[in-house]
Amino acid sequence: SLQNPIFQQYWGNRVELHVHLDGAIRPETILYFGKKRGIPLPGDTVEELLKYVSYDTPLTLPKFLEKFNYYMPAIAGDREAVKRIAYEFVETKAKEGVAYVEVRYSPHLLANSGVAPMPWGQTEGDLTPDEVVQLVNQGLKDGERDFHIKARSILCCMRHMPSWSPEVVELCKKYQNDSVVAVDLAGDETLKVEDYSEHKKAYEEAVRSGIHRTVHAGEAGPAAMVKEAVYVLKAERVGHGYHVVEDPELYKELLKIKMHFEVCPWSSYLTGACSPDFTKHPVIQFKKDRANYSLNTDDPLIFNSTIDKDYGIVKEHMGFTEEEFKRVNINAAQSSFLPEKEKQELLTQLYKAYGMVPNAS
Ligand SMILES: O=c1[nH]cnc2c1ncn2[C@@H]1O[C@H](CO)[C@@H](O)[C@H]1O
C-alpha cells in the first residue's frame, strides 16, 4: 500500500485508538510459545493455525470471541510471552505507519495468579494481573525506543467478569500515565450481567481518580447500550457505537457533544455488528454528519488484517476521500487519552504532515 498514493500522506502519521493486544498477536509467536511450553494448538504452522484462529465471513460477536480460546493458553501466564507480544505489537504498528497507538487488553486474561476464575483452564502460577501490566509496559517502552512511535495502553474490564473491575481501575491508577491512559469495558455486550453494579462502581472510581474512560457499546448491542455507556458509565469515547444511529435523538445529542466513536470497519463486518452491505454502514452517516470518529483494526490477528484493510474498505465502498482521512486522524489525535501537552505535540506533527494550518479541520 506504500505504492497507493492515497495512503502516502498518512504514512507514519496515522492514529489508532481501538486495537486489542490479545487480538493482535503474531501467529509465529503463538506457535513459538505453544511449542516451548508444551501447550497444544490447533495447528503447527502459521497457515494451519490461522485456519482456526482467523476467518473472513461474518460470525456473531460471541462466536468471534470464542476464537481467543484457541491461542490464549499459549501466551497467558508466561512472562516472556506477555512482554514479547507488547514489543512486537509496537513493531507491527510502526510498519503500518501508525504514529500513535492506544492498545487495550485485560490484565486478568493474561495472568495465572490472583485471578478467579482462572482463565483458559490454566494451572495456578505466579503471574498476577499487576505484573502483567508491568510486563506490557516494558514491552511497549522497548518497542517505542526501537521503532520510534508512541504507544499507550488501556486496561479492559470484561462484561462477564464484574468482580475483576475494581482491580482493573486500581491498576489504571497505579500505572496512570506510565503507559496506561484509560479504562475500557469489553466482551459480549449482549450478555445479561447479573451484578452490573461493580462495573458502574469501578467507572465511578475512574471518574474520581481522573482515569479516562471508553466503553464497548452499540457494537452488537442496541443504542440503549451507548446511552448507558455515556450517561451512566461516563465514557468519553465509545468503542464501535454503530447502533447509536438507530436512536436519532441520542445520536443528535452525541453529535452535539462531539462524542468520539472508535469505528472498526472490517471488524464490524466479521462480528456481524453491521449489515454485510458496506454501502449501508453507519460510518457513512458519521462521515456525512462530520461526526468525531476514528478508523481502527480491533483484532488484526483474528481478522487477518492490517490497518490498510480498514482504510481500503471505506475508500472502496464508502467514498472516503483524502480530506476525510485527514479529518479522521486529527479527530483521533484530539480524542486520544494523552496528556494535553503530548496531545498538542501529536496534533502539530499531523498538521505538518498533512500540510494543514492548525485548527482548520
Ligand atoms: O470487538 C470486540 N468486542 C468486544 N470485546 C472484544 C472485541 N475484541 C476483543 N474483545 C475482548 O476484549 C478482550 C481484551 O482485549 C479480549 O480478550 C476479547 O475478549
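Residues numbered from 1 in each chain as written. Predicted model: local features only at pLDDT ≥ 70, side-chain atom pairs only at ≥ 80, totals over all residues. Heavy atoms only, no water.

As annotated in an unreviewed UniProt entry, the chain carries the name Adenosine deaminase and comes from Ficedula albicollis. Entered under Sequence similarities (unreviewed entry) in the UniProt record, the comment concerning the chain runs "Belongs to the metallo-dependent hydrolases superfamily. Adenosine and AMP deaminases family." In UniProt, the chain has this text filed under Cofactor (unreviewed entry): "Zn(2+)". (UniProt positions renumbered as here; feature names shortened; annotations may be inferred.)

A.B. asks: What am I meant to see in the overall build of the chain here?
C.D. replies: When you go through the chain residue by residue, the secondary structure sums to 16 helices and eight strands. The C-alpha atoms of the chain give a radius of gyration of 19 Å, which matches the 21 Å a tight globule of 361 residues would have. Projecting the C-alpha coordinates of the chain onto the three principal axes gives extents of approximately 55 × 45 × 40 Å. A buried classification covers 59% of the 361 residues belonging to the chain. Relative to all contacts within the chain whose residues are 6 or more apart in sequence, the contacts with residues 24 or more apart total 73%. Carbon and sulfur atoms make up 52% of the accessible area of the chain, which totals about 14,500 Å². The positive charge centre, built from 43 side chains, and the negative charge centre, built from 53, are 4 Å apart in the chain. (Helix = DSSP H or I, 4+ residues; strand = E, 2+ residues; numbered from the N terminus. Rg over C-alpha atoms; globule rule 2.2 N^0.38 Å. Buried < 20%, exposed > 50% of the residue type's maximum accessible area, 1.4 Å probe, protein only. Contact = heavy atoms within 4.5 Å. Areas by Shrake-Rupley, 256 points an atom, 1.4 Å probe, with all protein chains shown as cover. Lys, Arg positive; Asp, Glu negative; His and termini not counted. Charge placed at Lys NZ, Arg CZ, Asp CG, Glu CD.)

A.B. asks: Explanation requested: the pairing of strand β6 (residues 237–240) in the structure shown.
C.D. replies: Working note: regular strand, side chains alternate between the two faces of the sheet. Here strand β5 (residues 212–217) runs beside β6; their pairing, made up of four bridges, is parallel. Of the residues in β6, the one forming a bridge with H216 is G239. In terms of handedness, the path from β5 via helix α10 (residues 223–231) over to β6 forms a crossover that is right-handed. Summarising the sheet, β6 and strand β7 (residues 260–263) pair through three bridges and their orientation is parallel. Bridge pairing links G239 to E262 in β7. Between the parallel elements β6 and β7, the chain passes through helix α11 (residues 248–256) in a crossover that is right-handed. (Pairing = 2+ DSSP bridges. Right-handed = clockwise from strand over helix to strand, strands pointing away.)

A.B. asks: Would you mind going over the layout of surface pockets with me for this structure?
C.D. replies: Which parts of space are left empty comes out when a probe the size of a water molecule is rolled across the atoms. Taken as a whole, the largest pocket holds about 500 Å³ of empty space. Lining of the largest pocket is provided by 26 residues; of these, L65, F68, M158, H160 and G187 occupy positions nearest its centre. Listing elements by their share of the lining of the largest pocket, those giving two or more residues are α4 (61–65), α5 (68–75) and β3 (150–158). It is α4 that contributes the most residues to the lining of the largest pocket, four residues altogether. When its residues are assigned to classes, the lining of the largest pocket shows 13 nonpolar, seven polar and six charged. (1 Å grid on protein atoms, 1.4 Å probe; cavity = no way out; pocket = protein on both sides within 12 Å on 5 of 7 lines; lining within 4 Å. Points joined across faces, edges and corners; volume = space filled by probe spheres on them. Nonpolar A, V, L, I, M, F, W, Y, C, P; charged D, E, K, R; others polar.)

A.B. asks: What should I look at first to understand the packing of helix α7 (residues 129–147) against helix α8 (residues 165–174) in this one?
C.D. replies: If you want to describe how two helices pack, look at the angle between their axes and the distance between the axes. Axis separation between α7 and α8 bottoms out at 10 Å; the angle between their running directions is 40°. Viewed along their axes, α7 and α8 adopt a mutual orientation that is oblique. The crossing of α7 and α8 is right-handed. Contact with α7, carried on its side by P129, D130 and V133, involves E167, L171 and K174 of α8 and no other residues of that element. Partitioned by chemical class, the residues of the contact of α7 with α8 number three nonpolar, no polar and three charged. (Axes fitted to C-alpha atoms, helices over the stretch in contact; angles between N-to-C directions. Parallel < 35°, antiparallel > 145°, perpendicular 65-115°, else oblique. Left-handed = near helix turned anticlockwise from the far one by under 90°.)

A.B. asks: Even after reading the chapter, I still don't get the site of the ligand, so can you show me in this structure?
C.D. replies: By nearness alone, 18 residues border the ligand, and H20, D22, E219, D298 and D299 come closest of all. One of the side-chain N or O atoms of D298 is found 2.9 Å from an oxygen atom in the ligand. D299 has a polar side-chain atom sitting 2.8 Å from a nitrogen atom of the ligand. Taken by itself the ligand offers 410 Å² of open surface, and the protein chains cover 97% of this. Taking a 2 Å distance to the grid points as the criterion, the majority of the atoms of the ligand fall inside the largest pocket. (Near = heavy atom within 4 Å. Polar contact = N/O pair within 3.5 Å; in protein donor to acceptor, adjacent residues only side chain to side chain. Sits in = over half its atoms within 2 Å of the grid points.)

A.B. asks: Explain the sheet that holds strand β1 (residues 14–20) to me, please; I cannot follow it from the model alone.
C.D. replies: Sheet strands pair via backbone hydrogen bonds, and the direction of the pair is either parallel or antiparallel. If you walk across this open sheet you meet the eight strands as β1-β2-β3-β4-β5-β6-β7-β8, and the pairing is parallel. The open sheet has two edge strands, β1 and β8 (292–295), and neither has a second partner. Neighbour-to-neighbour, the strand axes of the sheet open up by a mean angle of 25°, direction not taken into account. Each of β1, β2 (98–105) and β3 touches helix α6 (residues 79–95); the most contacted strand, β2, lies at about 145° to it. Against the sheet, α7 makes contact with β2, β3 and β4 (180–186), and its axis sits at roughly 155° relative to β3, the strand it touches most.

A.B. asks: Got a minute to help me understand the pattern of salt bridges in this structure?
C.D. replies: If the charged atoms of two oppositely charged side chains come close together, the side chains can form a pair. Enumeration according to the criterion identifies 32 salt bridges in this entry. Between D277 and K280 there is a salt bridge, with its nearest N and O atoms 2.9 Å apart. According to the relative accessible area criterion, K280 is exposed, its value standing at 59%. (Salt bridge = Lys/Arg side-chain N within 4 Å of Asp/Glu carboxyl O.)

A.B. asks: Just checking my understanding: could you explain the side chain of D142 for this structure?
C.D. replies: Among the structural elements, D142 can be located in helix α7. Setting aside chain neighbours within four positions, we find D142 in contact with K83 and Y87.

A.B. asks: Is there a simple way to think about the state of the cysteines in this case?
C.D. replies: In protein chemistry, a disulfide is the covalent bond that joins the sulfur atoms of two cysteines. If you walk through the whole model with that rule in mind, you get zero disulfides. No disulfide involves C156; its sulfur sits 7.9 Å from the nearest other cysteine sulfur, which is in C157. Judged by relative accessible area, which is 2%, C156 ranks as buried. Between C274, a cysteine without a disulfide, and C264, which holds the nearest cysteine sulfur, the sulfur-to-sulfur distance is 10 Å. (Disulfide = S-S within 2.5 Å.)

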